[in-house]
Every structure is written in C-alpha cells, then in structure tokens.
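# Structure assessment
Okay, here's what each chain looks like letter by letter:
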Amino acid sequence: MEFKLKEKGVRVDLPYGVLDVSGDDDFGYRPYQLMVASIAGCSASVFMKILDKQRITFEDLVLQTEVKRNPDEANRIEKIKLHYVIKGKNLSDEKLYKNLAVARKNCSMIRSVEDSITIEESLETIPLSL
C-alpha cells in the first residue's frame, strides 16, 4: 500500500476504493475507528463463515462495539468489547459461543493485537417464532 499525504491526513487508493485517514473527522476516518472496524469486520466475517459451514441459519446479525481508550497514553486502545446480537430460530447459545471461540482463533486481526488490546466477546440471541 502506498499512502499519500493530503490535507490533514493521508490517502490510499485500494481496489475497493479510496480511503482517507485523518485524526480530524472532517477529513477522513480516524485511525482508532479503522482499528476497531478491522477487528470487528474480521471477527464477524470469520464467525459468519463458521456459522455457514455449520449450517446454522439466522435472520439477522448485528455486531455492537465498545472501545475503552487511555487518555494518559496517547489515547491508546486498551479494550474492545464485541457484542453479537443474533436473531433466528432454534439458536443454541452453547453452539454459538463455541463457534465464536473458533472464530477468535481464526481472526487474523484479533490474533495480531490480542497481546496488547483486551478483546471481549459476548452474544445474545433473539428467538423468532417457529
């Protein structure tokens, strides 16, 4: 990747499109937002692939995140909570948590930061009528 300097940030042209990064919301995505998005996106993608392989069907999946940053250490990210809300029929919390653990082991972004950022995962199911 080649990043080019622009007003109040940098820009990279990627196959999907242009990505502007800046510490100022008016000029691009903030670096911490991209960090959280990469961890959440990787985790959700791997989790959904595992659910698909297990033939676990669901109606909807939402991933909510909470971020704890330390203002005394350059606002470093200390903790990210990933909370999955899964809507579907006949969902087993036990199976979902097992699959979430497998997803964690196979998510390259979580594995890359797990020694420096605490990642907590949880889930809740919303049962739909049969």
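Here, every reference points to the structure presented above.
Cut-off values and rules
- Starting afresh in each chain, residues are numbered from 1 along the sequence in its written order.
- In view of the model being predicted, local features appear only for residues whose pLDDT reaches at least 70, and side-chain atom pairs are presented and counted only at 80 or more, with totals across whole chains, interfaces and linings using the full set of residues.
- Excluded from the side-chain calculation are hydrogens and water; included are all heavy atoms of the structure.
- Put simply, DSSP H or I for four residues or longer makes a helix, DSSP E for two residues or longer makes a strand, and each gets a number counted from the N terminus.
- Relative accessible area decides the class of each residue, using a 1.4 Å probe on protein chains only: under 20% of the type maximum gives buried, over 50% gives exposed, and in between gives partly exposed.
- N or O atoms closer than or at 3.5 Å make up a polar contact, with two conditions inside protein: a donor-capable atom paired with an acceptor-capable one, and, for residues adjacent in sequence, both atoms drawn from side chains.
- The criterion used for residue contact is that any of the two residues' heavy atoms lie within 4.5 Å.
- Paired strands, in this sense, are two strands between which DSSP finds at least two bridges.
- Lines are fitted to the C-alpha atoms to define the axes, a helix being fitted only along its stretch in contact, and any angle between axes, read from their N-to-C directions, falls within 0 to 180 degrees.
- Here, expected helix span is obtained from the residue count minus one, scaled by 1.5 Å.

Next up on the list: the side chain of N70. Tracing the backbone through its elements, the reader meets N70 in strand β4 (residues 60-70). We classify N70 as buried; its relative accessible area is 13%. Only 2.8 Å separates the side chain of N70 from the backbone nitrogen of D72, close enough to count as a polar contact. The contact partners of N70, leaving out residues within four places of it in the chain, are N75, R76 and E78.

Okay, the pairing of strand β1 (residues 3-6) next. As defined by bridge partners, β1 adjoins strand β2 (residues 9-14) across four bridges and the pair is classed as antiparallel. Residue L5 lies in a different strand from β2, and its bridge partner there is V10. Counting the residues between successive antiparallel strands, the hairpin from β1 to β2 contains two residues, one of them, K8, with a positive phi of roughly 60°.

Moving on, we get to the sheet that holds strand β5 (residues 76-88). Sheet architecture is open: three strands sit in the order β4-β5-β6, paired in mixed fashion. Edge positions in the open sheet fall to β4 and β6 (118-127), since each of these has one partner strand only. The sheet shows a mean angle of 15° between the axes of neighbouring strands, direction not considered. As judged from the eleven bridges shared by β4 and β5, these two strands associate in the antiparallel manner. Its bridge partner being in β5, T65 is matched across the sheet by L82. Strand contacts of helix α1 (residues 31-53): β4, β5 and β6, with the helix running at about 35° to β5, the strand carrying the most contacts.

Before going further, it helps to spend a moment on α1. The end-to-end C-alpha distance of α1, which contains 23 residues, comes to 33 Å, matching closely the 33 Å that a straight helix rising 1.5 Å per residue would cover. Looking at α1, one finds that the buried residues are V36, I39, A40, C42, S43, A44, V46, F47, I50 and L51. Close packing links the buried residues of α1 with β4, β5, α2 (93-106), α3 (108-113) and β6. One or two positions beyond α1, positive phi appears at R55, with a value near 60°.

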